[in-house]
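# Per-entry structural report
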Amino acid sequence: MKLKLVNIQKAKISTAAFLKAFCHHKLIELDATAVHTDLSIPDILSGLCSNSWIQENLRRLILDSTSIPRDSRLLFFGQLTGLRVLSVFNVCFRSEDLANVSQLPKLESLDISNTLVTNISALLTCKDRLKSLTMHYLKCLTMTKPQILAVIRELKCLLHLDISDHGQLRSDLAFHLLQQKDILPNIESLDISGSNYITDGAVELFIQQRPAMQFVGLLATDAGYSDFFSAKKGLRVAGGANISQISEALSCYRNRSCFMKEALYRLFTETFSTQITMPAILKLVAVGMRSHPLDLPVQFTGSACALNLTRQGLARGMPVRLLSEVTCLLFKALKTFPHYQQLQKNCLLSLTNSRILMDVPFDRFDAAKFVMRWLGKHESPKMQAMAVSITSILALQLSPEQIAQLKEEVFMAVKELLAIVKQKTAENLDDVTLLFTLKALWNLTEQSPAICRHFIENQGLAIFIQVLETFSETAIQSKVLGLLNNVVEVKELFPKLITEDMVKHISSLLHSKDLEVSYLAAGIIAHLTSDKQPWISCDLQRTALLQDLYATIQKWPSSSCKMTALVTYRSFKAFFPLLGNFSQPEVQLWALWAMYHVCSKNPSKYCKMLVEEEGLQLVCDIREHSEADPQAQQIAASIVDDFKMYFINYQRPSLC
């Protein structure tokens, strides 16, 4: 390899590895920002200077937030004679190091922000070649304001000067700089963000006297609000007065947490009721959050801005990849700050966005774990309702295996959900929270025998019987019956399910005018009556149920009729014992009707499922069986014939 540009930001690399991997190459740029402490600045300089070509030709060296051993004294930059750009932001870099660096013959750009420099007089050594000077938050300076300004006045080649300050320090150096007429004649970029006593008038006058200016940083100052700043062509302003200035600030200050949190706060205020989709701004929010993962104010304010920018219909105009990135950053923040309640609320609120919840890739397993744990916090009814609605959707998006891994969280969630159902029933309150709670329980119990058992053990059946006795709305009935369909797929629970109240309500709902309710009630009866053993003491009742089931199915329209999209299946395996039960054609008939129905609604999904789970052969067996019910044979033949092309596509040669 012939490396020229090397970026080892935040890399964990030893001194020996650095020497062996990079220092024999002809490097012209090296970015070692925040490398692991195993590799210190003296080691980096020693390695680079071991190569005479690098000494003469390395042009750019970035050492921001890189460590220096405590016993280290002077940093020897002097041998890097080709260096044009040096950045030592947030490094233990002292005045004597500055004196050493200032003698570099080609140095044009220097960043000494947040260092230990106390005196900048050494810069006079390079006054005829220094074009860019950044000294943000130079907190250790002991020079007086006139002394500092005297040095800056001599730097006549400067095109960029950054004397922005941390909000807590509130320096007035910039205020005095703006009063000077004979200073920085060629300046194009001036950053004075975070400075004290800055006014629009002073900044305007300074810029008017220097027509080459293209950028001014005014964030966290009292300036930037006059029309001058929007009217002047070619002038970029990083400030907080409007979206344009805030966008510039987010872009400029992505690596400075003090300004990032300020810009995010201004953005939150500015976008609180926005109706404009701004993907570029959301991307900048994501960059800020990713750059400062351990800064709580940045993460919290960033999450609030993300909510503003994606709420209601705004998310529809955002790229899926960007929404995915932001959602993942929110969950990363949750893990970093697990006890910060408002951040958790923001994350929960983001998941109520249907676009994010349905279309955007993110770790739904982690999301489900978080939301289910939130259910147990007994928060406000509004937050509880949101957690319930999210749980109901996430439960469908997780596989049964994933739900099994969340056993502890799911068991806790089921208890909480049942408590909500019980409370709503006692209050006779059929609101949207009740509907989402019933849906969540339905989805959590699908193909999950352990959760079905947990449901029964926590008086779930008694609570659901009470729901049926309290509410007559079909939307509620269908969700109750949907969950009970999941429970009756667990054969060991039959004895606890065959009760007088259960049979009475299911028999009644079998005759509902709503086809979906009737269909779901029929499914419960089909499963419960498929085994004679639990009915030994009441066989006549079982026989009557089977007759009623058969007669009801005859009244249903064609199995390709319209029915709501709530009836979906992850697997047909629970149907297979019913298909093989030739002694009870009523049971077979319901299973076949159900299969034809869903295959007609989504043939690509369900025909493939039928083939892969080897259920097609069972359907063929019914069609060919000499003693099968004629109507069952007819539906079986329809499944095979009507969807033949789909079955062929899945390349199973044994099509009956």
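In what follows, the accompanying structure is described. This structure is a prediction, so every number in the text was calculated from the model and none was measured.

For the protein, the count of helices and strands is 33 helices and 10 strands. Taken over the C-alpha trace, the protein has a radius of gyration of 35 Å; the compact-globule value for 656 residues is 26 Å, which it surpasses by more than 25%. Expressed as lengths along the three principal axes of its C-alpha atoms, the size of the protein is roughly 105 × 55 × 45 Å. In the protein, which comprises 656 residues, the share counted as buried stands at 55%.

Our focus in this paragraph is the nonpolar core. Buried together is how nonpolar side chains tend to be arranged in soluble globular proteins. With 152 residues, the main nonpolar core has Phe 464, Trp 590 and Ile 639 as its most contacted residues. At 11 residues, helix H29 (residues 585-601) tops the list of elements feeding residues into this core. Discounting chain neighbours no more than four positions away, the residues touching Trp 590 are Asn 485, Tyr 519, Ala 522, Gly 523, Ala 526, His 527, Ile 553, Trp 556, Tyr 569, Phe 575 and Leu 578. One finds Ile 41, Leu 75, Leu 104 and Ile 152 within the second-largest nonpolar core, a separate group that totals 75 residues.

Here the focus is the side chain of Glu 446. Mapped onto the secondary structure, Glu 446 falls in the loop between helix H20 (432-445) and helix H21 (449-457). A relative accessible area of 8% places Glu 446 in the buried class. In this structure, Glu 446 is in contact with Leu 396, Asn 486, Thr 568, Tyr 569 and Arg 570, ignoring residues within four places of it in sequence.

A pair of packed helices is captured by two measures, namely the crossing angle of their axes and the spacing between those axes. Running from N to C, helix H12 (residues 296-310) and helix H13 (residues 320-336) point in directions that differ by 145°, and their axes come no closer than 11 Å. For H12 against H13, the interelement crossing comes out left-handed. Between H12 and H13, the residues in contact are Gln 299, Ser 303, Ala 306 and Thr 310 and Leu 323, Val 326, Leu 329, Leu 330 and Ala 333, respectively.

Moving on, we come to the sheet that holds strand S2 (residues 29-31). The parallel open sheet is built from 10 strands, whose spatial order is S1-S2-S3-S4-S5-S6-S7-S8-S9-S10. Edge positions in the sheet fall to strand S1 (5-7) and strand S10 (236-238), since each has one partner strand and no second. In this sheet, adjacent strand axes meet at a mean angle of 5° when their direction is disregarded. Where strand S5 (residues 109-111) meets strand S6 (residues 132-134), 3 bridges bridge the pair, whose relative direction is parallel. Bridge pairing in S6 places Asp 111 opposite Thr 134.

A word on helix H5 (residues 145-154). Two residues of an α-helix separated by three or four positions point the same way, owing to the 3.6 residues in each turn. Burial in H5 covers these residues: Ile 148, Leu 149, Val 151, Ile 152 and Arg 153. On its buried face, H5 is in contact with strand S7 (160-162) and helix H6 (173-178).

Phi is positive for Ser 65, close to 55°, though the residue is something other than glycine. For Ser 65, the position within the fold is in the loop between strand S3 (60-62) and strand S4 (85-87). With a phi angle near 60°, Glu 614 is a residue other than glycine that sits in the positive phi range. Here Glu 614 is to be found in the loop between helix H30 (603-612) and helix H31 (616-624).

Another point: the packing of aromatic side chains. For the structure on display, the rule yields 20 aromatic pairs. Relative to Phe 22, the ring of Phe 18 lies with its centre 5.9 Å away and its plane at 55°, an arrangement referred to as tilted. Highlighted residues: Phe 18 and Phe 22, both in helix H1 (residues 15-22), separated by 4 residues, approximately one helical turn. Of the residues examined, Phe 18 reaches a relative accessible area of 0% and is grouped as buried. Measuring from ring centre to ring centre gives 6.1 Å for Phe 331 and Phe 370, while their planes differ by 80°; the resulting arrangement is edge-to-face. Of the two residues, Phe 331 sits in helix H13 while Phe 370 sits in helix H16 (residues 364-375), which places them 39 residues apart along the sequence. On the accessibility criterion, Phe 370 (11% relative accessible area) is buried. A network of ring pairs unites the aromatic residues Tyr 519, Trp 556, Tyr 569, Phe 572, Phe 575, Trp 590, Trp 593 and Tyr 606 as a single cluster. A cation over a ring is seen here: Arg 210 above Phe 206, with NZ or CZ 3.6 Å from the ring centre.

Contact geometry for H20 and helix H23 (residues 474-487): axes closest at 8 Å, N-to-C directions at 20°. Here H23 runs roughly parallel to H20, going by the angle between their axes. Between H20 and H23 lies a crossing whose hand is left-handed. Along the contact surface, H20 presents Leu 434, Leu 435, Leu 438, Lys 439, Leu 441, Trp 442 and Thr 445, while H23 presents Ala 475, Ile 476, Ser 478, Lys 479, Val 480, Gly 482, Leu 483 and Asn 486.

Inspection of every chain in the model, using the stated rule, returns 21 salt bridges. Of the charged contacts in the structure, one is a salt bridge between Arg 84 and Glu 108, with a shortest N-O distance of 3.4 Å. Here Arg 84, found in the loop between S3 and S4, pairs with Glu 108, found in the loop between helix H4 (95-101) and S5; they are 24 residues apart in sequence, far enough to count as distant. Overall, Glu 108 belongs to the partly exposed group, its relative accessible area being 27%. Within the structure, one salt-bridge network assembled from shared partners comprises Lys 283, Arg 290 and Glu 325.

For the rest of this paragraph, the subject is H30. Of the residues making up H30, those classed as buried are Pro 603, Tyr 606, Cys 607, Met 609, Leu 610 and Val 611. Residues of H30 that are buried in the fold lie against H29, H31, helix H32 (630-642) and helix H33 (644-649). Following H30 by one or two positions, Glu 614 adopts a phi angle in the positive range, close to 60°.

Time to look at the environment of Leu 592. Within the element layout of this structure, Leu 592 appears in helix H29. Considering only alpha carbons, one finds Leu 592 and Ile 207, 385 residues apart in sequence, at a separation of 80 Å.

Here the focus is the side chain of Asn 353. Tracing the chain through its elements places Asn 353 in the loop between helix H14 (341-351) and helix H15 (354-359). On the basis of relative accessible area, Asn 353 is assigned to the buried category, the value being 10%. From its side chain, Asn 353 meets the backbone nitrogen of Arg 355 in a polar contact 3.0 Å long. Setting aside its immediate chain neighbours within four residues, Asn 353 contacts Thr 310, Arg 311, Gln 312 and Ala 315.

Conventions we followed
Residues numbered from 1 in each chain as written. Predicted model: local features only at pLDDT ≥ 70, side-chain atom pairs only at ≥ 80, totals over all residues. Heavy atoms only, no water. Helix = DSSP H or I, 4+ residues; strand = E, 2+ residues; numbered from the N terminus. Rg over C-alpha atoms; globule rule 2.2 N^0.38 Å. Buried < 20%, exposed > 50% of the residue type's maximum accessible area, 1.4 Å probe, protein only. Core = buried A, V, L, I, M, F, W, Y, C linked by side-chain atoms within 4.5 Å. Contact = heavy atoms within 4.5 Å. Axes fitted to C-alpha atoms, helices over the stretch in contact; angles between N-to-C directions. Left-handed = near helix turned anticlockwise from the far one by under 90°. Pairing = 2+ DSSP bridges. Phe/Tyr/Trp six-rings, centres within 6.5 Å; stacked < 30°, edge-to-face > 60°. Lys NZ or Arg CZ within 6 Å of the ring centre and 35° of its normal. Parallel < 35°, antiparallel > 145°, perpendicular 65-115°, else oblique. Salt bridge = Lys/Arg side-chain N within 4 Å of Asp/Glu carboxyl O. Polar contact = N/O pair within 3.5 Å; in protein donor to acceptor, adjacent residues only side chain to side chain.

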